[in-house]
Amino acid sequence: MDSPGFDNLDAAGFLETWQRFDADDNGYIEGKELDDFFLHLLKKLGTEDDLSAGKVQKIKERFMSVYDVTADGRLQIQELANMILPEDEHFLLLFRRETPLDNSVEFMRFWRKYDADSSGYISASELRNFLRDLFIQHKKVIAEPKLDEYTDTMMKFFDRNKNGRLDLNDLARILSLEENFLLQFKMDACSVEDRRRDFEEIFKHYDVSKTGALEGPEVDGFVKDMMELVKPSIRGVDLDKLREILLRHCDVNQDGKIQKSELALCLGLKLNQ
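What counts, and where the lines are drawn
- Residues numbered from 1 in each chain as written.
- Predicted model: local features only at pLDDT ≥ 70, side-chain atom pairs only at ≥ 80, totals over all residues.
- Heavy atoms only, no water.
- Helix = DSSP H or I, 4+ residues; strand = E, 2+ residues; numbered from the N terminus.
- Buried < 20%, exposed > 50% of the residue type's maximum accessible area, 1.4 Å probe, protein only.
- Salt bridge = Lys/Arg side-chain N within 4 Å of Asp/Glu carboxyl O.
- Phe/Tyr/Trp six-rings, centres within 6.5 Å; stacked < 30°, edge-to-face > 60°.
- UniProt positions renumbered as here; feature names shortened; annotations may be inferred.
- Disulfide = S-S within 2.5 Å.
- Patch = residues over 30% accessible without salt bridge, like charges linked within 9 Å, V, L, I, M, F, W, Y side chains within 5 Å.
- Areas by Shrake-Rupley, 256 points an atom, 1.4 Å probe, with all protein chains shown as cover.
- Expected span 1.5 Å × (residues − 1).
- Axes fitted to C-alpha atoms, helices over the stretch in contact; angles between N-to-C directions.
- Contact = heavy atoms within 4.5 Å.
- Nonpolar A, V, L, I, M, F, W, Y, C, P; charged D, E, K, R; others polar.
- Polar contact = N/O pair within 3.5 Å; in protein donor to acceptor, adjacent residues only side chain to side chain.

**What to know about the environment of Lys58**
With respect to the helices and strands, the residue Lys58 is situated in helix H3 (residues 53–67). For Lys58, a relative accessible area of 60% corresponds to the exposed category.

**Describing the pattern of salt bridges**
Where charged atoms from two side chains of opposite charge come close, those side chains can pair. Scanning the model with the defined rule gives 20 salt bridges in all. A salt bridge links Lys146 to Glu149; its shortest N-O distance comes to 3.4 Å. Note that Lys146 and Glu149 are positioned in helix H8 (residues 144–158) at a spacing of three residues, about one turn of the helix. Exposure remark for Lys146: the relative accessible area of 27% places this residue in the partly exposed category. One salt bridge in this structure joins Asp238 and Arg235, with 3.1 Å as the shortest N-O distance. When its relative accessible area of 15% is taken as the criterion, Asp238 is described as buried.

**Thoughts on the environment of Glu179**
Along the polypeptide, Glu179 turns up in the loop between helix H9 (168–175) and helix H10 (192–206). A relative accessible area of 67% means that Glu179 is categorised as exposed. Separated by 75 residues in sequence, Glu179 and Ser104 place their C-alpha atoms 9.3 Å apart.

**Remarks on the packing of aromatic side chains**
Tallying each qualifying case throughout the model produces 11 aromatic pairs. Ring geometry for Phe38 against Phe63: centres 6.1 Å apart, planes inclined by 50°, an arrangement best described as tilted. Of this pair, Phe38 sits in helix H2 (residues 32–44) while Phe63 sits in helix H3, and the two are 25 residues apart along the sequence. Side by side, Phe38 and Phe63 carry an identical accessibility label, which is buried. Judged by centre distance (5.4 Å) and plane angle (75°), the rings of Tyr114 and Phe130 are edge-to-face. Of this pair, Tyr114 sits in helix H6 (residues 104–114) while Phe130 sits in helix H7 (residues 124–137), and the two are 16 residues apart along the sequence. Across this residue pair, the class does not change: Tyr114 and Phe130 are buried. Taken together, Phe21, Phe37, Phe38, Phe63 and Tyr67 form an aromatic cluster joined through their ring pairs.

**Some thoughts on the UniProt feature "domain: EF-hand" (unreviewed entry) in the protein chain**
When the UniProt feature table is mapped onto this chain numbering, "domain: EF-hand" (unreviewed entry) sits at residues 9–44, 102–137, 146–181, 194–229 and 237–273. A helix fraction of 72% and a strand fraction of 6% characterise residues 194–229, whose end C-alpha atoms lie 19 Å from each other.

**Looking at unusual backbone geometry**
What you tend to see is this: most non-glycine residues have negative phi, and most peptide bonds are trans. You will see that Ser118, though not glycine, has its phi angle at about 55°, which is positive. Looking at where Ser118 falls in the secondary structure, it is placed in the loop between H6 and strand S3 (122–123). Look at Lys210: it is not a glycine, yet its phi comes out positive at around 60°.

**Some thoughts on the state of the cysteines**
According to the stated counting rule, one finds one disulfide in the structure shown. For Cys250, the disulfide goes to Cys266, at an S-S distance of 2.3 Å. For the disulfide bridge between Cys250 and Cys266, the dihedral angle about the S-S bond is near -65°, and by the sign convention the bridge is left-handed. Of this pair, Cys250 sits in helix H12 (residues 236–250) while Cys266 sits in helix H13 (residues 260–266), and the two are 16 residues apart along the sequence.

**Section: a nonpolar patch on the surface**
Together, Leu183, Met226, Leu229 and Val230 make up an exposed nonpolar region whose accessible area comes to about 370 Å². One can find Val230 in helix H11 (residues 217–230).

**Brief notes about H8**
The end-to-end C-alpha distance of H8, which contains 15 residues, comes to 21 Å, matching closely the 21 Å that a straight helix rising 1.5 Å per residue would cover. Turning to H8, its buried residues number three or more, namely Leu147, Tyr150, Thr151, Thr153, Met154, Met155, Phe157 and Phe158.

**Description of the packing of H6 against H7**
Look at H6 against H7: their axes get within 9 Å of each other, and the N-to-C directions meet at 120°. Facing Phe110, Lys113 and Tyr114 of H6, the residues of H7 in contact are Glu126, Asn129, Phe130 and Asp133. For the contact of H6 with H7, the per-class residue count stands at three nonpolar, one polar and three charged.

**A word on H6**
Along H6, the residues that are buried comprise Ser104, Val105, Phe107, Met108, Phe110, Trp111 and Tyr114. The distance from a side-chain oxygen at the start of H6 to the backbone nitrogen of Val105 is 2.6 Å, and the residue carrying that oxygen is Asn103.

**Some words on the side chain of Arg196**
Summarising the element assignment, Arg196 is placed in helix H10. Within the structure, Arg196 has its side chain in polar contact with the side chain of Glu193 (distance 2.6 Å).

What follows is the structure, given as structure tokens:
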């Protein structure tokens, strides 16, 4: 199906369209936002003479039947891009569809790699390096001016504070990080058995290397998720401070890692022998 009304729309124009209609910034265009979007589409099509609710509904059903891949009645950024973005501007889909992250450990590995100067932020030049690596990974050739354009577009869209750099939360939006793993657990569980069982599952989740100790991005991922339980919006510099505190209190043998027994002791939990 063609994308009438959005001819020659580039990445910047697409992101402006997304921001306009994802009014509550929850990552979806849904409900009234969706109706507003298709009303806008009708106007772009030049059908101002018939903007009845029935006409809007008919157009919406037509497009949603094709592009709502998840069939959940709402549009994700990937689905909208497939609907209205020219093929040569589909770079926006790369970082979401091809680099899915469902684990904060992998997310923090990404963060540490591109926050090359350990400033606690991703600068425009560091974001540019990320995009270049992404295109190389997918064996796509991109001209330097186009890379600059993409970097500027993404910085404009994801830099909420408009300070010319991305924080942890900004990068999480770019990479579509899944929901905090710790949210599924009751942190006030009273039963010792329940606490022990939860601890085993939590440690297994963050011990990605399966070494029996958390280290590097594994510690980062655990700290990030713990912090977000009490403070949804965190900064890289705050995470670094809490990481140091956690290591100082839990890393008994001072090897830069947190052994399973060390974390259990730190949390006041006695493991089964």
